[in-house]
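Understanding the architecture of this molecule
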Amino acid sequence: MLRTLLLATALAGLASSPLLAQAVSDAGDPQIAALIEQAKAEGSVASVGMPDSWANWKDSWDQITRTYGIEHFDTDMSSAQELAKFENEGVNGTADIGDVGLEFGPIAVERDLLQPYKPTTWDQIPEWAKDKDGMWAMPYTGTMAFIIRADIADAPTSWADLMEGDYTFSMSAVGSGAQSNAAILAAAISRGGSETDLMPGIELFAELAAGGRLRANEANPAALERGEIDVAALWDFNALNYAATVGGGKYTVLIPSDGSVTSGYASVINKNAPHPAAAKLAREYIFSDQGQINLANGYARPIRIDHITLPAETKSRVLPAEQYAKAKPIDTAAWQKAAPTLGRLWQENVLSEM
């Protein structure tokens, strides 16, 4: 998915906390000090799929460039395009670091496209959210959430509630979009399904379609602003950002109480990075307290959220922890095998009812 979120207005005026450079200096870590000097000597870092407007990468890049005097350039592209770039350029690589959908991390390892780096906060990253050798690690998560028009009576708080209403549910690009695919999985989990048993989720949407309550449209800010969306399932960081962008309390966001799925995006460093030290320093910063706060300021739930203290204004940008009680971390290996079947299942069982 291309990084197209518009956060500039929402992020204006947020204050920066102390930078990693200061914390490192206080800690006196000689390995990090050496990494900083190597990165400064390289002088620049080139990222892919990490633009200013996605998950508030802007603040981290601004702080890294201002603190270390390292220039930064980004080329926006999808996860698949990032890996293709790493692979096609080979030893003549022009990209240093990228941000890819979680399922693409293991694929990149299989293709031998990455080099390892474990930040100093490594032990605070859950095992399911990192490669054991440090080839990739997830800085932030995405959990399937409902975005709901605030004036809907008896608004749903669970997947089961959806079956009782008379409002419509919006879905798009099932079979080709990671977000819609994950919505199917989340619905399946709420009904006792899993990555290897997606039919409970498919059947839920088939019931909605048969009742004339399923719409094949995308829940983006423009559609929300026009009031075209009653209820939709989005990654929590997208839903929170969109609701804030539309403003006026027109939409609410919550995690369905009877089941959801948590995935996210993985930090990857090109095996043939032209600026490997700068790439590693960038990862170190991203997983630092301030880097994690920056992500939360962009509505993305930081992976180390249980180990950091979020400023009050930042805390208001993420949902309360108790809402995630029934959210299940995605089984990446099983999902890689199951996700490609969704397009066919959707067409055969859901589109046929619309």
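Residues numbered from 1 in each chain as written. Predicted model: local features only at pLDDT ≥ 70, side-chain atom pairs only at ≥ 80, totals over all residues. Heavy atoms only, no water.

Some points on the overall build of the protein chain
The helix and strand tally for the protein chain stands at 16 helices and eleven strands. Radius of gyration (C-alpha) of the protein chain: 20 Å, near the 20 Å computed for a compact globule of 354 residues. Once the C-alpha set of the protein chain is aligned to its principal axes, its extents read approximately 65 × 40 × 30 Å. A burial count over the protein chain gives 56% of its 354 residues as buried. For the protein chain, restricting intrachain contacts to residue pairs at least 6 apart in sequence, the fraction spanning at least 24 positions comes to 76%. Total accessible area computed for the protein chain in this model is approximately 14,400 Å², and 50% of it derives from carbon and sulfur atoms. (Helix = DSSP H or I, 4+ residues; strand = E, 2+ residues; numbered from the N terminus. Rg over C-alpha atoms; globule rule 2.2 N^0.38 Å. Buried < 20%, exposed > 50% of the residue type's maximum accessible area, 1.4 Å probe, protein only. Contact = heavy atoms within 4.5 Å. Areas by Shrake-Rupley, 256 points an atom, 1.4 Å probe, with all protein chains shown as cover.)

Section: the side chain of aspartate 131
Tracing the sequence through the fold places aspartate 131 in the loop between helix H6 (104–110) and strand S4 (136–149). Buried aspartate 131, no salt bridge; nearest opposite-charge side chain is lysine 132, N-O distance 6.0 Å. Aside from chain neighbours lying at most four places away, what touches aspartate 131 is Val109, Trp122 and Trp136. (Lys, Arg positive; Asp, Glu negative; His and termini not counted. Salt bridge = Lys/Arg side-chain N within 4 Å of Asp/Glu carboxyl O.)

Some details on the environment of isoleucine 308
Topologically, isoleucine 308 is positioned in the loop between strand S10 (301–302) and helix H14 (312–315). On a C-alpha basis, the gap between isoleucine 308 and aspartate 289 in space is 6.2 Å, while along the polypeptide they are 19 residues apart. What isoleucine 308 contacts, discounting residues up to four positions off in sequence, is Asp289, Gln292, Ile293 and Pro302.

Some remarks on the packing of helix H9 (residues 199–210) against helix H16 (residues 342–349)
Interhelical geometry of H9 versus H16 gives an angle of 35 degrees and a closest axis separation of 10 Å. Note on packing geometry: the crossing formed by H9 with H16 is right-handed. Of H16, the residues touching H9 (which contributes Met199, Ile202, Phe205 and Ala206) are Leu342, Leu345, Trp346 and Asn349. For the contact of H9 with H16, the class distribution of residues is seven nonpolar, one polar and no charged. (Axes fitted to C-alpha atoms, helices over the stretch in contact; angles between N-to-C directions. Left-handed = near helix turned anticlockwise from the far one by under 90°. Nonpolar A, V, L, I, M, F, W, Y, C, P; charged D, E, K, R; others polar.)

Considerations on the confidence of the model for the protein chain
Put simply, the protein chain has an average pLDDT of 91, and 92% of its residues get 70 or more. In this model residues 1–18 is a low-confidence stretch, pLDDT under 50, and it forms 53 contacts with partners more than four residues away in sequence or in other chains. Scored below 50 in pLDDT, residues 21–26 makes five contacts in the model with residues more than four places away or belonging to other chains. (pLDDT = per-residue confidence, 0-100.)

Some thoughts on H16
In an α-helix, one turn spans 3.6 residues, which is why side chains three or four residues apart end up on the same side. Listed as buried for H16 are Leu342, Leu345 and Trp346. Down the axis, H16 shows its buried residues gathered within 100 degrees of arc, on one side only. (Arc of directions from axis to C-beta.)

Structural notes on unusual backbone geometry
Even without glycine at this site, asparagine 56 takes up a positive phi of about 60 degrees. Of note in this structure, aspartate 112 is not a glycine but carries a positive phi near 60 degrees. Along the chain, the position of aspartate 112 falls in the loop between H6 and S4. Classification of aspartate 112 by relative accessible area gives partly exposed; the value is 45%.

Observations concerning the pattern of salt bridges
This structure, assessed with the given rule, holds 15 salt bridges. Notably, a salt bridge pairs aspartate 112 with lysine 271, separated by 2.6 Å at the nearest N-O pair. Of the two residues, aspartate 112 sits in the loop between H6 and S4 while lysine 271 sits in the loop between strand S9 (260–269) and helix H12 (276–286), which places them 159 residues apart along the sequence. Close ionic contact of aspartate 289 with arginine 304 constitutes a salt bridge, the shortest N to O distance being 2.8 Å. Pair noted here: aspartate 289 is in helix H13 (residues 289–297) and arginine 304 is in the loop between S10 and H14, with a separation of 15 residues, a long-range link.

Overview of the nonpolar core
One broad rule of soluble globular proteins: the nonpolar side chains tend to lie buried together. Counting residues in each nonpolar core, the largest one holds 107 residues, and the members touching the most others are Ile147, Trp159, Phe169 and Phe205. Counting six residues, the second largest nonpolar core, distinct from the first, contains Ala296, Ile305, Ile308 and Leu310. (Core = buried A, V, L, I, M, F, W, Y, C linked by side-chain atoms within 4.5 Å.)

What about the packing of aromatic side chains?
Applying the stated rule across the entire model yields twelve aromatic pairs. Pairing phenylalanine 237 with tyrosine 265 gives two aromatic rings, centres 6.2 Å apart and planes at 70 degrees, and the pair type is edge-to-face. Taken together, the residues phenylalanine 237 in helix H11 (residues 236–246) and tyrosine 265 in strand S9 connect sequence positions 28 residues apart. Judged by relative accessible area, phenylalanine 237 falls into the buried class, the value being 1%. Taking the ring centre of tyrosine 167 as reference, the NZ or CZ of arginine 213 above it sits at 5.1 Å. Over the aromatic face of tyrosine 324 sits the side chain of arginine 301, whose NZ or CZ is 4.1 Å from the ring centroid. (Phe/Tyr/Trp six-rings, centres within 6.5 Å; stacked < 30°, edge-to-face > 60°. Lys NZ or Arg CZ within 6 Å of the ring centre and 35° of its normal.)

Digging into the pairing of strand S1 (residues 44–48)
S1 sits mainly inside the fold: five of its five residues count as buried. Burial along S1 is two-sided: Ser44, Ala46 and Val48 facing one way and Val45 and Ser47 facing the other are all buried. In this view, the connection linking S1 to its parallel neighbour strand S2 (residues 71–75) by way of helix H4 (residues 57–68) has right-handed handedness. (Right-handed = clockwise from strand over helix to strand, strands pointing away.)

Points about the environment of glutamine 292
For glutamine 292, the position within the fold is in helix H13. Residue class for glutamine 292 comes out buried when judged on its relative accessible area of 0%. When the C-alpha atoms of glutamine 292 and isoleucine 303 are compared, they prove to be 7.6 Å apart, with eleven residues separating the residues in sequence. Those residues in contact with glutamine 292 that lie beyond four places of it in its chain are Pro139, Ile286, Phe287, Pro302, Ile303, Arg304 and Ile308.

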